[in-house]
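One-letter residues, chain by chain:
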Amino acid sequence: MKTKKKGHKKGWRRFWQQYRFYVATLLAFFVLSIASLHILQNKLLENAQKTGESLAISFSVEEERSLSAYEALLRMGSAHLERLTKETEDNAKIEVWLRGFFEDIQKVTDQMADPYAILNGDFVGKGDEKLEDYDYTGSEWYQRALEADGEVIYTDLYEDAVYNREVVTIAVKSGEEGNVLAFDIFPENFQMLEHQVTLPEGSSYFLCDRKENLLYANTELSVSREEMQQYLNSIITKLKKGELDSKDSSIIDLDGRRRSVYYSVSENGWFSIVTVPHRTILGDLRQFTVGFAVVFLLFLSFTALTSIRNSWLNRKIERTNDTVRVLGNAYYAIYRLDYEEGTYEMIKGSDYLRKRIPQKGDYQTFLTEAAAIIEKDAYLEFKQSFSIENVKKLVKRRVRDYGGDFLRLFNDEYRWVNVRLLFDESLSQGEVVICFREIDEEKQVQLHHMALMENALDKARKNEESQNRFFSTMSHDMRTPLNAIIGLTELAEKSYGDAGQTAEYLTKIRTASQQLLTLINDLLEISRLERGKIDLNREPFDIKDCVEKCAEIFRAQAQKENKQFTLSFDVSEPVVLGDASRVTQILNNLISNAVKYSDEGDSIDVRVRQMGSQKIKKYQFIIADTGRGMTPEFLDKLFKPYEREVRFGARGVAGTGLGMPIVKSLVSQMDGQITVESRLGEGSTFTVTLSLESVEKPVQDDGSTDNPAKQEILQLAGRRALVAEDNDVNMEIATEILEMHDMKVTQAWNGREAVDCFRQSPEGYFDVILMDMQMPEMDGCEAASTIRAMNRADARTIPILAVTANAFAEDIAATTKAGMNAHISKPIDFSVLYQTLAELLAAKTNDNSETQ
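The text that follows walks through the structure, step by step, so that each part is easy to find. (Residues numbered from 1 in each chain as written. Predicted model: local features only at pLDDT ≥ 70, side-chain atom pairs only at ≥ 80, totals over all residues. Heavy atoms only, no water.)

Some points on the side chain of Ser-139
What counts here: Secondary structure counts use DSSP, requiring at least four H or I residues in a row for a helix and at least two E residues in a row for a strand, with both numbered from the N terminus. We define a polar contact as two N or O atoms separated by no more than 3.5 Å, with the added condition that, inside protein, one atom must be a possible hydrogen donor and the other a possible acceptor, whereas residues neighbouring each other in sequence contribute only through side-chain atom pairs.
Mapping Ser-139 onto the fold places it in the loop between strand 2 (122-124) and helix 3 (140-148). Only 2.6 Å separates the side chain of Ser-139 from the backbone oxygen of Tyr-136, close enough to count as a polar contact. A polar side-chain atom of Ser-139 sits 3.2 Å from a polar atom in the side chain of Trp-141.

Re the pairing of strand 21 (residues 603-611)
Keep this limit in mind: With a 1.4 Å probe rolled over the protein chains alone, any residue whose accessible area is under 20% of its type maximum counts as buried; one over 50% counts as exposed, and the rest are partly exposed. By this definition, two strands are paired if DSSP reports at least two bridges between them.
Residues Ile-604, Val-606, Val-608 and Gln-610 of strand 21 are buried on one face, while the alternating residues Ser-603, Asp-605, Arg-607, Arg-609 and Met-611, pointing to the opposite face, are not. The sheet contact formed by strand 19 (residues 564-570) and strand 21 spans seven bridges and is parallel. Bridged to Ser-568 within strand 21 is Arg-607.

Remarks on helix 5 (residues 225-241)
What counts, and what does not: To estimate how far a helix should reach, multiply one less than its number of residues by 1.5 Å. In this description, one arc is meant: the one made by directions from the helix axis to the C-beta atoms. Only heavy atoms enter the contact rule, under which two residues are in contact if any of them lie within 4.5 Å.
Helix length check: helix 5, at 17 residues, gives a terminal C-alpha distance of 24 Å against a target of 24 Å (1.5 Å per residue), a fit within 8%. Where helix 5 is concerned, the buried positions are Met-228, Gln-229, Tyr-231, Leu-232, Ile-235, Ile-236 and Leu-239. Down the axis of helix 5, the smallest arc covering the buried residues is 160°, so these residues share one side. Away from its buried face, by an angle of more than 90 degrees, helix 5 presents the exposed residues Glu-226, Gln-230 and Lys-241. The inward-facing, buried residues of helix 5 abut strand 7 (204-208), strand 8 (214-218), strand 9 (251-252), strand 10 (258-265) and strand 11 (271-277). Of the residues flanking the end of helix 5, it is Gly-242, one or two places downstream, whose phi is positive at about 80°.

A few points about the side chain of Gln-610
Within the element layout of this structure, Gln-610 appears in strand 21. What makes Gln-610 buried here is its relative accessible area of 14%. Within the structure, the side chain of Gln-610 is placed 3.1 Å from the backbone nitrogen of Ser-572, a separation counted as a polar contact. One polar contact links the side chain of Gln-610 to the main-chain amide nitrogen of Glu-573, over a distance of 2.9 Å.

Overview of the pattern of salt bridges
Going by this rule: The rule for a salt bridge is simple: a side-chain nitrogen of Lys or Arg has to be within 4 Å of a carboxyl oxygen of Asp or Glu.
Counting across every chain of the model gives 30 salt bridges. Measuring nitrogen to oxygen at the nearest pair gives 3.6 Å for the salt bridge that ties Arg-99 to Glu-95. Placement of both Arg-99 and Glu-95 in helix 2 (residues 91-108) is noted, with a separation of four residues, approximately one turn of the helix. Residue Arg-99 is classed as buried on the basis of its relative accessible area of 15%.

Observations concerning the packing of aromatic side chains
How we decide: Only centres within 6.5 Å qualify two rings of Phe, Tyr or Trp (six-membered ring in Trp) as a pair; their planes then separate them into stacked at under 30 degrees, edge-to-face at over 60, and tilted for everything else.
Enumeration according to the criterion identifies 21 aromatic pairs in this entry. Between the aromatic rings of Tyr-363 and Phe-366, the centroid separation amounts to 5.7 Å while the plane-to-plane angle is 20°, which identifies the pairing as stacked. Taken together, the positions of Tyr-363 and Phe-366, both in helix 9 (residues 363-370) and three residues apart, correspond to about one turn of that helix. Of the two residues, Tyr-363 and Phe-366, both sit in the buried class. Arranged with centres 6.0 Å apart and planes meeting at 55°, the rings of Phe-386 and Tyr-402 form a pair that is tilted.

Topic: the packing of helix 9 against helix 10 (residues 376-385)
Note the following rule: A fitted line through C-alpha atoms represents every axis, and for helices the fit uses only the stretch in contact; the resulting angles, taken between N-to-C directions, go from 0 to 180 degrees. Throughout, the term roughly parallel applies to angles under 35 degrees, roughly antiparallel to angles over 145, roughly perpendicular to angles from 65 to 115, and oblique to all others. By definition, any crossing whose near helix is turned counterclockwise from its far helix by less than a right angle is left-handed, and any crossing with a clockwise turn is right-handed. Under the scheme applied, nonpolar residues are Ala, Val, Leu, Ile, Met, Phe, Trp, Tyr, Cys and Pro; charged residues are Asp, Glu, Lys and Arg; polar residues are all the others, including Gly.
The N-to-C vectors of helix 9 and helix 10 enclose an angle of 165°; their axes lie 10 Å apart at closest approach. Relative to helix 10, the element helix 9 is oriented roughly antiparallel. Here the hand of the crossing between helix 9 and helix 10 comes out right-handed. In this structure, helix 9 uses Gln-364, Leu-367, Thr-368 and Ala-370 to contact helix 10, whose residues at the interface are Tyr-379, Phe-382 and Lys-383. In the contact of helix 9 with helix 10, the residues fall into four nonpolar, two polar and one charged.

Brief notes about the sheet that holds strand 16 (residues 413-422)
Strand order in the open sheet formed by six strands is 14-13-12-17-16-15, with antiparallel pairing between adjacent strands. Whereas interior strands pair on both sides, the edge strands pair on one side only; in this sheet they are strand 14 (360-362) and strand 15 (401-410). Each adjacent strand pair in this sheet contributes to an overall mean axis angle of 25°, direction not counted. As paired elements, strand 12 (residues 333-338) and strand 13 (residues 343-348) share five bridges and run antiparallel to each other. Its bridge partner lying in strand 13, Arg-336 is registered against Glu-345. The strands touched by helix 9 are strand 12, strand 13, strand 14 and strand 17 (431-438); relative to strand 14, the strand with the most contacts, the crossing angle is about 85°.

Digging into the sheet that holds strand 27 (residues 768-772)
One open sheet holds the five strands; their spatial order is 26-25-27-28-29, and the pairing between them is parallel. Since the sheet does not close on itself, it has two edges, and those belong to strand 26 (744-748) and strand 29 (822-825), each with one partner. Neighbour to neighbour, the strand axes of the sheet diverge by 20° on average, direction disregarded. Sheet topology note: the strand 25 (residues 720-724)/strand 27 ladder contains four bridges and is parallel. Across the sheet, Leu-722 pairs through a bridge with Ile-769, a residue of strand 27. Helix 21 (residues 780-788) rests against strand 27 and strand 28 (800-804) of the sheet, and its axis sits at about 150° to strand 27.

Read these as spatial facts, not as claims about activity.
Here is the structure:
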């Protein structure tokens, strides 16, 4: 590193000794040139200031000369008017003269001036109009004309009360009777004045009154009048402060160009402003400066390039050689092939071929010798792909990069090699390059990735096959209860008059409906579990009570089918914190399967035991049966979705193949374990182990005083219910059930109609609202929120019951957020409906009594 730095220092020292005179001369010439350009620029700006000020004065003088013609006409008219008023008191005669005079004025001024007069208190215009309501006495032009006492006055730009347009008024007093003669000039008429002075290229001229209002503009700026006025106000402000008095002062115009500003103020206080672009003032100088800079830079560049050319070329060649060397090292063999002559040249060769073929030679010899080290199956393809004939075809098609991978022998070991045939116009006519690179390591990684992809595709295919089997089974399992419902419904219709037979059909229809609902619930549950959308409650519950209620349902079924059902507990602390509903769901699936997959005479045993004495204990739920059991093959797939045991007695049993995956997922999310032991024909034993925190048993409310719903049977008779439902059948069912209990029902067929019904009802008319969720015009949540927001007392207290097919936690949370008190799922369990209505109405009654 030190040697390299030392070499650089010597090189720079030699360069400085050789070229220091030229460098010093160039620097001196550059400094003198810059100084000269600066002096020249100051001189041009000084001359431009003098010229610009002269231009401004010339424009000001021209404006005064143009306006002096109006003054002369005014003085002449004023003198004649004063003489007439002294000679006669006949206003009509004077007015006739005035109108003739006004016509002459307009002809002389080419309609640029609008003349009028105040004669003995009356306004006289160029026509016959009489402005009765015009109060001229308060106008500026009239007051100033009286004060000037015979001198001509000029107003600033203002809005005329007669025409409602901006004007400048020139006026003079006539006599001592308060008579005034005046001309109005509109700003656009100033544009018609011809100036004898010519503006420099790109320059602008502006005429402003005493209050800086723009009267006239001769400019290339294409902006609105408002923007132009703001631009001029900023210029005049700087002029008044003296910020633009020096020769090198300037402004930036609205187009972003730098300008010098020159001005003059006339006797009437008007501003004549001239702005000249710097490019106009310094145009030639800038061109000269640019040309000088270009020439100087070219000369400097030429000198520098000439000085370092050899050194730079040597370094470039060295770097190019280094780069080529690095690229060449990536290949263990490189050959140039002359496909027109059929010869090769070895630029870099492998150890094997260097010993067997010369540096240059016949290409066919090269292919023959390569056969010994290229894998036999790949050689024929290699020989054909890199034959002279194929190379010519590739070049003709202008294929620049061609090649592939093959196995090559290295010291008795085959490794992967990549061969490339490269074509480029920079090569000699009829030549291409063939190069070889070892890629064994990256090829092995690539093959490994391909194997992984094939495995993934195989798993995807198997999963697809499993799903196809599931959907095929689901199609059958859903059609079976549907077929029963449809067929039994037709039979029930035909058995009209036979109440017993009809009741039997209806019972079977209910059983098939419950089976179909179970299938749908399993599908929804597994979908939620797969998406991870499940919330676990953490509330105290009694394990014994939970298991007994769950087991009681299946005990009756087992006894009916002549199966033995036993339940036992080994639990000292039954009250724990957890999700009782999820524990019930797990037990329902396991006990249901035990009953379902056992035959007459078999036994089902449910045991619960507690392990450990610490606060967080393990509770085991063991469900054993002596039923049909499972095959070892199916045990491996037991907890996979869409799988069902179809051997022997298992076939024909209703189910989706989702119960066990649901159980497995729930147990895992509760940080538990599930194990299974089973033999075909001998039965199965499932063991679920959950870690639950034990708590003290809560004090139970006997309901003697605080729960009116338990004290007395709910009296629904006479209660008024508002039912919102958009489905005809669902509306009919809800209405019939409620009216069977002598409730009065008001029907609303969408959310908006429900809101209107409640709004139009007397306060306290409805006792409860049953609200469907998905309705046209306004859904249930929006309707509930709207009702809760109404400014009436019962809007905040009336119980609102959500009735929907969406039974998930997020749906219940949405109804709660909307202000609903409870939630029941479709299809409606009528016992749940009655219980919910009892609790809501009892709570409402309690609240009302406490309020009173």
